[in-house]
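Structure at a glance
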Amino acid sequence: MCGIVGYIGKHEAAPVILEGLSKLEYRGYDSAGMAVFDGEKIQIQKSVGRLKVLEELTHGGATMPGTVGIGHTRWATHGAPSDENAHPHYNQEETIAVVHNGIIENYLPLREKLISKGYQFVSDTDTEVLAHLIDYYYKGNPLEAITKVMHRVQGSYALGIIFAEYPDQIFAVRKDSPLIVGQNENGCFIASDVPAILKYTRKVYFIENQEVVRLRVDHMHFYTVDEEEIEKEPVTIDWDADAAEKGGYEHFMLKEMYEQPKTVTDTLMPRIKDNDIVIEELGMSDEEINAIRKIFIVACGSAYHTGVTAKYVIEGIARIPVEVDLASEFRYRNPILEEGTMVVVISQSGETADSLAALRESKKLGHKVLGIVNVVGSSIAREADNVMYTWAGPEIAVATTKAYSAQLIALYLLAMKFAKVRGNLDEGAFKSMLGDLKRLPGQIERLLANKQRIQRFANRYIGAKDVFFIGRGIDYAISMEGSLKLKEISYIHSEAYAAGELKHGTISLIEEGTLVAAVATQDTLFQKTLSNMVEVKARGAFVLAVTNEGNTDIEKAADYCIYIPRTNPYFTNSLAIIPLQLFGYYVAVGKGCDVDKPRNLAKSVTVE
Ligand code: AGP
């Protein structure tokens, strides 16, 4: 996520902004910039790279005099990291400057409309549309212009805006992306997150959706999107700086788990237009989609697990043969990629050495590669022929959660797009699945609210030595991820097994009290998995079951049940994984493990 800081007060703004942005560096970014009113005009300085580059460029802010300013650290979503794409963005007359955190879903049609009205763009960002749109509506009243823009744009945004004609004011606007404001005896502040202004004040106002704030040196006014003035109560922050970086959560991993509803929304909604799936970045015509004979999915770790899920979904609805391979295996086995094979490389970091090597191997063999990547401008993103971004924002915890959920969404969209183009998904089924996709964020939220129950159950297993996860079909893929989440952060040995395969050896390991987590969300396979649960229970296992609401039959064979809301059977991974993420997290917390930075692991495995 991008970072926003703004200041209007008695002191020089640039040093305050730089200090605030440094406290937001943990959020991950690729470029930084500031806009400061210098008494005559708005000056902007910005650059790709670390905040240090901007500090050196501006001599710690000294080359940007003025007491009113906004600043930004950018996590690229639309437009690769570059000086031009860095924020703030000007309107053409350089009398308005904007910083933005979020995604403007309808930026393309707005950009086209503005260009048709003579506006010229200098960047590839969705944010620059906002600068010109505010200019378009600005007739001397900033609040009126801002609220008109709010009625026009769709998507998520936290904005900081300054107007050269109103040098005694800063405007802050919020929809979905977080934004706070604060005040002390020396001025007023805006920020994406508490750490940026904790040094100056602990009394903050959390801006709600569709609210606008006008900040002056010594007071603030709050408005609705209809320009009605409202009163707000401040909140006193009692977190320390470290806790503040995590938004009050104990670990980044927990914070990122709770960001999953937004991650899913941000990855899903920009690609649903007029009840159809539009994946502009796919770069494939319907003819090319119809010409696909096989899909090869290559990835590592959790990304591989989303690939295994995608095999079931794509083969199930698009009827295209899919092979899924670990990148470390693919790159050395001289893979056979026939004519008409499409390669998909999935990677959160976009820097995983094995996955990058697999991409290069595929291209060497003459095949186009689609990257499904979270980090804009990463190596895999740059070298893939086309990239479908997951827009999960920077993921700090080594154990992936929100990026994993976003990858699933990207793969569902791909499967449905292919199925529809190839005539394997009728209109009714397509619309029903779209409805199920849109319900996922709310259903994930419901499951996250369950955390205390999961925590109590997890505390019973912090001493466990072996845990097994079993399932069939997509439930097997879910089991893989549930197992990895547990073992990589709690260091408890765990393995995922195809439930039907247990009797071919592994069942010999089941002893009295062994925990077996059985995932049973596929109704067509429910009875089979139920039998496997009975098998392990007969040998002393304690069975944790994860299944759909209403499947109470499972209580015949399970010792502990977790129910997930009903959704399309192809999408259950997005829900069943939530309690399994929480389970792994709370076992690790109970063991006192370093949850965000587990031993021996790196966030991105850039070596073989
Ligand atoms: C998952 O929690 C791990 N962090 C790890 O398995 C990770 O998924 C794998 O290393 C792939 O990383 P990537 O998605 O950045 O390529």
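Here is a short report on the structure shown in this document.

Below, the discussion takes up the overall build of the protein. Secondary structure summary: the protein contains 19 helices and 27 strands in total. Since a compact globule built from 608 residues should have a radius of gyration of about 25 Å, the 25 Å found for the protein is in line with a globular shape. Dimensions of the protein, computed from C-alpha atoms along their principal axes, come out at roughly 80 × 55 × 45 Å. When contacts within the protein are restricted to residue pairs at least 6 apart in sequence, long-range pairs at least 24 apart make up 72% of them. For the protein, the computed accessible surface area is about 22,500 Å², with 49% contributed by carbon and sulfur atoms.

Taken together, 14 residues lie near the ligand, and Ser-347, Gln-348, Ser-349, Thr-352 and Glu-488 sit nearest. Ser-347 places a polar side-chain atom, nitrogen or oxygen, 2.7 Å from an oxygen atom of the ligand. With respect to the ligand, the side chain of Thr-352 contributes an N or O atom lying 2.5 Å from an oxygen atom. The protein chains hide 91% of the 410 Å² of surface that the ligand would expose on its own. Looking at the shell around the ligand, the elements with two or more residues in it are α10 (301–318) and α17 (474–490). For the shell around the ligand, the residue count by class is 5 nonpolar, 7 polar and 2 charged.

So, on to α17. Along an α-helix, residues three or four positions apart point the same way, because every turn accommodates 3.6 residues. In a regular helix each residue adds 1.5 Å, so 17 residues correspond to 24 Å; α17 covers 24 Å between its end C-alpha atoms and thus fits that length. Buried residues dominate α17, accounting for 15 of its 17 residues. Immediately beyond the C-terminal end of α17, within one or two residues, lies Tyr-491, with a positive phi of roughly 65 degrees.

Let us look at the nonpolar core. One finds Ile-295, Ile-297, Ile-314, Met-416, Phe-418, Leu-437 and Phe-583 to be the most contacted residues of the largest nonpolar core, which totals 120 residues. Top element by residues in this core is helix α14 (residues 402–421). It accounts for 12 residues. Core analysis: the next-biggest nonpolar cluster, separate from the first, contains 30 residues, Ile-134, Ala-145, Phe-163 and Tyr-223 among them.

The next subject is the sheet that holds strand β11 (residues 203–206). Spatial ordering of the open sheet is given by β3-β2-β4-β1-β10-β9-β11-β15, a layout of 8 strands whose pairing is antiparallel. The strands lining the two open edges of the sheet, one partner per strand, are β3 (42–48) and β15 (235–236).

To continue, consider the packing of helix α3 (residues 107–116) against helix α4 (residues 127–137). Close contact between α3 and α4 brings their axes to 10 Å; oriented N to C, the two are set at 50 degrees. Here α3 is positioned oblique relative to α4, judged by the angle of their axes. The two elements α3 and α4 cross, and the hand of that crossing is left-handed. Contact residues: α3 offers Tyr-107, Leu-110, Arg-111 and Leu-114, while α4 offers Val-129, His-132, Leu-133 and Tyr-136.

What follows covers the pairing of strand β8 (residues 170–175). Two faces belong to every sheet, and in a regular strand the side chains alternate between them. Taken across its 6 residues, β8 has 5 buried, putting it largely inside the fold. Of the strand pairs in this sheet, strand β7 (residues 155–163) and β8 are connected by 5 bridges, and their pairing is antiparallel. Pairing of Gly-160 across the sheet is with Ala-172, part of β8. Here β7 folds back onto β8 in antiparallel fashion, the turn holding 6 residues.

Within strand β13 (residues 220–224), 4 of the 5 residues are buried, which leaves the element mostly enclosed by the surrounding structure. Direction of pairing for strand β12 (residues 211–215) relative to β13: antiparallel, over a ladder of 5 bridges. When the sheet's bridge partners are listed, Glu-211 is paired in β13 with Thr-224. If you look at the hairpin formed by β12 and β13, you'll find 4 residues sitting between the two strands. In this sheet, strand β14 (residues 229–230) lies alongside β13 in antiparallel orientation, the contact comprising 2 bridges. By the bridge assignment, Phe-222 is partnered in β14 with Ile-230. Here β13 folds back onto β14, and the loop between the two strands holds 4 residues, one of which, Glu-227, carries a positive phi near 65 degrees.

Definitions and cut-offs
- Residues numbered from 1 in each chain as written.
- Predicted model: local features only at pLDDT ≥ 70, side-chain atom pairs only at ≥ 80, totals over all residues.
- Heavy atoms only, no water.
- Helix = DSSP H or I, 4+ residues; strand = E, 2+ residues; numbered from the N terminus.
- Rg over C-alpha atoms; globule rule 2.2 N^0.38 Å.
- Contact = heavy atoms within 4.5 Å.
- Areas by Shrake-Rupley, 256 points an atom, 1.4 Å probe, with all protein chains shown as cover.
- Near = heavy atom within 4 Å.
- Polar contact = N/O pair within 3.5 Å; in protein donor to acceptor, adjacent residues only side chain to side chain.
- Nonpolar A, V, L, I, M, F, W, Y, C, P; charged D, E, K, R; others polar.
- Expected span 1.5 Å × (residues − 1).
- Buried < 20%, exposed > 50% of the residue type's maximum accessible area, 1.4 Å probe, protein only.
- Core = buried A, V, L, I, M, F, W, Y, C linked by side-chain atoms within 4.5 Å.
- Pairing = 2+ DSSP bridges.
- Axes fitted to C-alpha atoms, helices over the stretch in contact; angles between N-to-C directions.
- Parallel < 35°, antiparallel > 145°, perpendicular 65-115°, else oblique.
- Left-handed = near helix turned anticlockwise from the far one by under 90°.

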